[in-house]
Each structure stands twice: as C-alpha cells, then as structure tokens.
Amino acid sequence: MVVSDNLDSSFSSLTPQVEPKSPRKQWGVTEPLSLAGPSDTDVQRSIELEKFLIDSGLYETSEEAAKREEVLDKLKLIVKEWVKDLTRLRGYTEQMVEDANALILTFGSYRLGVHGPGSDIDTLCVGPSYVTREEDFFYVLHNILAEREEVTELQPVPDAHVPVMKFKFDGISIDLLYASISLLIVPDDLDISNITVLHNIDEQTVRSLNGCRVADQILKLVPNTENFRTTLRCLKLWAKKRGVYSNVTGFLGGVNWAILVARLCQLYPKANPSMLVSRFFRVYTLWKWPNPVLLCDIEDDELGFSIWDPRKNPWDRNHLMPIITPAYPCMNSSYNVSASTLRVMMEQFELGKQLCEEIELNKSHWSALVEPYLFFDDYKNYLQIDIVAADPDDLRAWKGWVESRLRQLTLMIERDTFGKLQCHPYPYDYGDSSRPCAHCAYFMGLKRKVGEAIQEGQQFDIRQTVDEFRHQINSYLYWKPGMEIYVSHVRRKQMPSYVFPEGYRRIRHSLPANQKLADRHGERASKRRKESTEPHSGEGSPDKR
C-alpha cells in the first residue's frame, strides 16, 4: 500500500474529515486522505496564486500558441511527404503511396497543457512498419530537415535511452521521437492508448510511444484537470527555481513532477490549487521512500514487456524514489535519483513545507516560495566541470554527452567515499564568453555527510574517481578535435564571476526567505560545521581530457 498508516495519521489533525453520505469515489490505489473542499480563505489564496503565476510569465499569449500550432502543422506535412517518398522508393503501388501516412503527436508539458513561453514541444512521429528509425528517420528525414531554412541547431541523438532528434523550427525547440508500429498504413484516428499499438515492436519503440500514452493516462486519472494543471505549473516553477528540475542529473523531470502532483490530486480530490501546493510538501516530506508513488495498479500483460516489479527484478530493488508511470508497461520514471539528489530534494521539500505554513498564516507570499536557490553560497567546496569545443555546434553535441554522464560522477563519488562525501549536482550550465573557444561549465556542491566524525586535516582523495569518469567521457563515439573536459576543485570564494548574473558576487545584507528558514532550523550552520574537510581532486592543475 502506497500511503502508510503513519502518513494517514499524520494528516488526521491537519485536514478536516468529511463524513460522506454515500461511498467515496476512489481515485488511484487508496482512498482519499480528505474530501474537504476549499474554505473562503483557500479560494482567495488560490486566486492570488493564479495571479502570481500569470505575473511570473508562465502562460503564453494567443499569438505564441498560434505559432506553435503552425509549426506542428508544417511538421505534419513534412513527415507525410517523407513517408510517401519512401513508399514510392520501396516499389509499393500508387494506391499505397496515396494512402501512406505518418502522424505527429505531442506529449510532455504540451500534451498535459502546462507548457509556457519558450518551452520546447515534445513530439512523436508515428510511421508504418517499413519505415525504419536507424536509416529512414535518422538519415533520410534528418537530411530533409537539414535542408530547410526554418530548421536550425539540428542534433540527432540516436544512442539515447529514447532516441531523439533535437532542433529548432522557426525558433521553437522541438524534440522529435520516432515509432514504427506494425501497420502498413497509419490511420489518422490512431488510438495511441490502445494496447494493440504495442504489438510486434521493440522496447525502444515502446519507450517512444509511452510518452503520449502516459500523458493521456495522467489526465484521465486526476479528479479535476484544471486544478491539476495550476498546481503542476506552480510546482514546476518552484522546482526550477530551487535547482531540482532535471531528470538527467538525478533530480526529477516533467513527467515525474506530473505524477507526484496527480497522486496528490487523488488524495485530496476536492482541494483547490492553493490547498494542493501546501499539501504537496506535507505529503512528500512524510513519504516513506522507497515506497512507490502509483496512480493506478501495475498491470502485467501477455505482450511480455518488462514492468517495474522489485519482487522479480533485483535491479528495481535499488531504486530510491520510485515514481511509476501509469501506462503499460509501467516503469519507474525516476530511476536516475541517487542518495545525494534524494537528500537535496527532501531538504527542499522541508523548506517548501515551512514556507507554505507561513503563507497559510499570512506571514509570507507566494513569491517567497519560488525565490531562487543560492547554490553558490550554500557550499564551501565545489567541483567545476569545464567543457570546451571548437564551435557552438560541436559544443552542443559534446555538452549533451557530458551532461548525460554527470549523474555517473555523482554515483562514483558516493561509491568511492562510501557515501561519506555527498554531491549536489546543479542542473544549470554557465558559459565564459571571454574564452576564445565555445565553453560551458557545470558545478557540483560537495559536503561531508552529516554525523560523520571529522579528523583534523583529513581530505577526500577523489582523483581516481575523476579519472574513471573522464575515461567514460572519452568513449564518446562522435569526438572531434577541440572537444575537451577539465575537472577541478574550487572553493566558494574562488567561484568564477560568470556564474553570477551581475558578473560578480553580490554582498547580501538580507537573505531570501528560503535561506532564512534554513538558518532558523540550523541547516546552514550544520552544513558549515561539517564542511571543514575538503575533497582533493588535483586543484591547481585541473584534470584534462
């Protein structure tokens, strides 16, 4: 059972219980924690929250929405012509050429209805059985797109866990996946939710199709889609500002946050957005990880695809924060989470809970919840990972590869220090425009695990760990001259100026609300006390490719 008895009792004093006159409708795998609706104060607080989200620029204009639709329409025409040309080349009849078809479907934030200005569009091209991913998609379609003026920054990533082509079309970022299903003709009214689309396809194709299938299931499994969307918009903004929005670096991505919010909506089916935001932090600070978050029962099927099942699969038992997708085959969408990133997220959940309590007491405002995290003030020691390449195009590809491996560096440091040195990978990159080559840098905060005994002068030697990481990075199949990586240890006072918005570290006379709360509860003081020992990774002579 996902919600433990302890969790139920924890909320009995926080939420008024409503005695229903008829049997409760159950959303999800358990009964709701509360059927209480919003009070007048909650309604007013939700109005303020929605106004704050609008003022924060989270909603696109009608002109921007129309441009997205126009780009998607152009993309649909391109892929239809692409499939018709391939059908003709393969020697099919003229009738087959006429009937040949490919679909463009959306998933992610766009399909869920929570995208904002400047966000990319996750798209899926569904094609017939005779149009392949390896040759036809990544070679033929790639070349067609490369020849179009509207397409820029075209980057194929065929060896990704879910193979993807990334590009901009008329300035709008597109992530395009491909799925070849076992039909000769793809109907315009294809029901992507029907399990028959999974017949006779490989696991990569299943993963490509499941983006759309999961988004549709999430929307079907929440009691109120508008409340779900408003809450999710707020929490995505919070996660980005607090530096915990990134699946690739071991935090949570869009689908993870969507499932967490959807589960909360099931537990409080009549709550409005302001209630849901505050209850989000209450619930997930008390959640007994690794108990999984489920929106529905996990179903197996005769198709035989692997599903998340720690009873059968030993590797599933190692997952620290299981957030399970609601469409077959059900998978853990958060397998990237490590002990270090889970710790960081739990700290941020606790701070979010405290701030929401202050908002409910009218001691604070919604803006305080999403104050940016002062990452470069919060640690005494950091790892700096510099990535350089000959030009911006090479850097884009090289950076994508390095970013996809940063999580491994976190895991290696945890492994080689027996969990005593904790890492906080920051998911944003920073560029030094003064360099003659294309450049960006990632940073990791480092600190000793709280409670570990400290010996004066003791250091962590992670040079071999860094060497192993560098060896992994050097296995990049598309390496070009000029692609280099440097790893070095820097102290807080040595942080390069380009990481600060103004180009220099500002002297802060007053801390933001989040940092004040951390100080109040002794967290920052604890961090400083435990950081008196430093890692050794060859500072002064940065490790180089």
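The structure under discussion appears in the preceding block.
Here is a short report on the structure shown in this document. On a predicted model such as this, the values are computed, not experimentally measured, just so you know. (Residues numbered from 1 in each chain as written. Predicted model: local features only at pLDDT ≥ 70, side-chain atom pairs only at ≥ 80, totals over all residues. Heavy atoms only, no water.)

## Some thoughts on the overall build of the chain
Quick note on the threshold: Put simply, DSSP H or I for four residues or longer makes a helix, DSSP E for two residues or longer makes a strand, and each gets a number counted from the N terminus. Type-normalised accessible area, obtained with a 1.4 Å probe on protein chains alone, sets the label of each residue: buried when under 20%, exposed when over 50%, and partly exposed for intermediate values. Pairs of residues are marked as contacts when any of their non-hydrogen atoms sit within 4.5 Å.
The helix and strand inventory of the chain stands at 16 helices and 12 strands. Considering the chain as a whole, with its 545 residues, one finds that 54% of them fall into the buried category. For the chain, restricting intrachain contacts to residue pairs at least 6 apart in sequence, the fraction spanning at least 24 positions comes to 73%.

## Concerning helix α7 (residues 203–220)
Operational definition: What a helix is expected to span follows from its residue count: subtract one and scale by 1.5 Å. The bend reported for a residue corresponds to the angle between axes fitted to the seven residues ending at that residue and the seven starting there. Here a polar contact is taken to be a pair of N or O atoms separated by no more than 3.5 Å, where protein atoms must pair a possible hydrogen donor with a possible acceptor and residues adjacent in sequence count only if both atoms sit in side chains.
Its 18 residues give α7 an end-to-end C-alpha distance of 25 Å, which sits within 8% of 26 Å, the value for a rise of 1.5 Å per residue. In the structure, α7 departs most strongly from a straight axis at Asn210, where the bend amounts to approximately 40°. Where α7 is concerned, the buried positions are Thr205, Val206, Ser208, Leu209, Asn210, Cys212, Arg213, Val214, Ala215, Asp216, Ile218 and Leu219. Near the N-terminus of α7, the side chain that reaches the backbone nitrogen of Gln204, with its oxygen 3.4 Å away, is that of Asp202.

## Some details on the nonpolar core
Short version of the rule: Buried Ala, Val, Leu, Ile, Met, Phe, Trp, Tyr and Cys residues form a nonpolar core when they are joined through side-chain atoms within 4.5 Å.
Phe228, Trp257, Phe280 and Leu369 are the most contacted members of the largest nonpolar core, which has 76 residues in total. If you tally residues by element for this core, the top one is helix α9 (residues 254–267), at 9 residues. If near-sequence neighbours (up to four positions away) are discounted, Phe280 is found in contact with Leu235, Trp257, Leu260, Val261, Leu264 and Phe349. Core analysis: the second largest hydrophobic core is formed by 29 residues, Val79, Val131, Phe137 and Phe169 among them.

## Overview of the sheet that holds strand β3 (residues 151–157)
Note the following rule: Here a strand pair is declared whenever DSSP counts at least two bridges between the two strands. Fitting a line to C-alpha atoms yields each axis, with helices limited to the stretch in contact; the angle taken between N-to-C directions then spans 0 to 180 degrees.
Taking strand neighbours across the sheet as the criterion, the 5 strands line up as β1-β2-β5-β4-β3 in an open arrangement whose pairing is mixed. Strand pairing shows two members of the sheet lacking a second neighbour, β1 (103–107) and β3, which therefore form its edges. Averaged over all pairs of adjacent strands, the angle between their axes in this sheet comes to 25°, without regard to strand direction. In this structure, β1 lies alongside strand β2 (residues 121–127), joined through 5 bridges in antiparallel fashion. Note on β2: the bridge partner recorded for Leu103 is Val126.

## Some thoughts on the pairing of strand β10 (residues 484–491)
The buried fraction of β10 is high, at 6 of 8 residues. As defined by bridge partners, strand β6 (residues 381–389) adjoins β10 across 8 bridges and the pair is classed as antiparallel. Each residue of the ladder has a partner; that of Val388, found in β10, is Glu484.

## Concerning the packing of aromatic side chains
Just so we agree on the cut-off: Each Phe, Tyr or Trp ring (for Trp, its six-membered ring) is paired with any other whose centre lies within 6.5 Å, and the angle between the two planes then decides the class: stacked below 30 degrees, edge-to-face above 60, tilted in between. Charge over a ring is defined by NZ of Lys or CZ of Arg lying within 6 Å of the ring centre and within 35 degrees of the ring normal.
Following the criterion strictly, the structure yields 35 aromatic pairs and no others. When the ring of Phe137 is compared with that of Phe138, the centres are 4.9 Å apart and the planes differ by 75°; the resulting orientation is edge-to-face. The exposure classification of Phe137 matches that of Phe138, with both residues buried. Put simply, the rings of Tyr373, Phe375, Phe376, Tyr379, Tyr382, Tyr426, Tyr428, Tyr430, Phe443 and Phe500 touch in pairs and so form one group of aromatic residues. The residue whose ring lies beneath Arg279 is Tyr268, and the NZ or CZ to ring-centre distance is 5.6 Å.

## Observations concerning helix α10 (residues 273–286)
For α10, with 14 residues, the first-to-last C-alpha span of 20 Å sits near the 20 Å given by 1.5 Å per residue. When the local axis directions of α10 are compared, the greatest deviation, roughly 25°, occurs at Arg279. Of all the 14 residues making up α10, 13 are buried; the element is thus mostly covered by neighbouring parts of the structure.

## Things to note about the environment of Gly445
Assignment of secondary structure puts Gly445 in strand β8 (residues 438–448). For Gly445 and Phe376, which are 69 residues apart along the polypeptide, the C-alpha to C-alpha distance reads 8.2 Å. Residues within four places of Gly445 in sequence aside, it is in contact with Phe375, Tyr379, Asn381, Tyr382, Gln422, Cys423 and His424.

## So, the packing of helix α3 (residues 62–89) against helix α6 (residues 133–146)
We apply this condition: Orientation is classified from the angle alone, with under 35 degrees giving roughly parallel, over 145 giving roughly antiparallel, 65 to 115 giving roughly perpendicular, and any other angle giving oblique. Crossing chirality is assigned from the near helix's rotation relative to the far helix, an anticlockwise turn below a right angle marking it left-handed and a clockwise turn marking it right-handed. In the scheme used here, Gly and all other residues not listed as nonpolar or charged are polar, with Ala, Val, Leu, Ile, Met, Phe, Trp, Tyr, Cys and Pro taken as nonpolar and Asp, Glu, Lys and Arg as charged.
With their axes 11 Å apart at the nearest point, α3 and α6 run at an angle of 120° to one another. By the angle between their directions, the pair α3 and α6 is classed as oblique. Of the two possible hands of crossing, α3 and α6 adopt the one that is right-handed. Between α3 and α6, the contacting residues are Leu75, Ile78, Val79, Trp82 and Leu86 on the first element and Asp136, Phe137, Val140, Leu141, Ile144 and Leu145 on the second. Of the residues that constitute the contact of α3 with α6, the class distribution is 10 nonpolar, no polar and 1 charged.

## Looking at the pattern of salt bridges
Under the convention used in this document: Should a side-chain nitrogen of Lys or Arg be within 4 Å of a carboxyl oxygen of Asp or Glu, the pair is scored as a salt bridge.
Using the criterion set out here, one finds 30 salt bridges in the structure. With a shortest N-O distance of 3.4 Å, Glu357 and Lys353 are connected by a salt bridge. Placement of the pair is Glu357 and Lys353 together in helix α11 (residues 339–360), with a separation of 4 residues, close to one helical turn. Taking relative accessible area as the criterion, Lys353 reaches 18% and is therefore assigned buried. Between Asp394 and Lys480 there is a salt bridge, with its nearest N and O atoms 3.2 Å apart. Here Lys480 lies in the loop between α14 (463–473) and β10 and Asp394 lies in helix α13 (residues 392–416), a separation of 86 residues in the sequence. Its relative accessible area of 41% is what places Lys480 among the partly exposed residues. Each of Glu153, Lys168, Asp393 and Arg396 takes part in a single network of salt bridges with overlapping partners.

## Comments concerning the packing of α9 against α10
Interhelical geometry of α9 versus α10 gives an angle of 100° and a closest axis separation of 10 Å. Relative to α10, α9 is oriented roughly perpendicular. For the pair α9 and α10, contact is made by Trp257, Leu260, Val261, Arg263, Leu264, Cys265 and Leu267 and by Leu276, Arg279, Phe280, Val283 and Tyr284, respectively. Here the contact of α9 with α10 is composed, by residue class, of 10 nonpolar, no polar and 2 charged.

## Concerning unusual backbone geometry
The omega torsion of the bond from Trp289 to Pro290 falls at 10°, within 30 degrees of zero and hence cis. By secondary structure assignment, the location of Pro290 is in the loop between α10 and α11. The linkage connecting Tyr328 with the following residue, Pro329, adopts the cis geometry, with an omega of -5°. Here Pro329 is to be found in the loop between α10 and α11. A positive phi angle, close to 50°, is found at Glu153, a residue other than glycine. Its place among the elements puts Glu153 in strand β3. The class of Glu153 is partly exposed, set by a relative accessible area of 35%.

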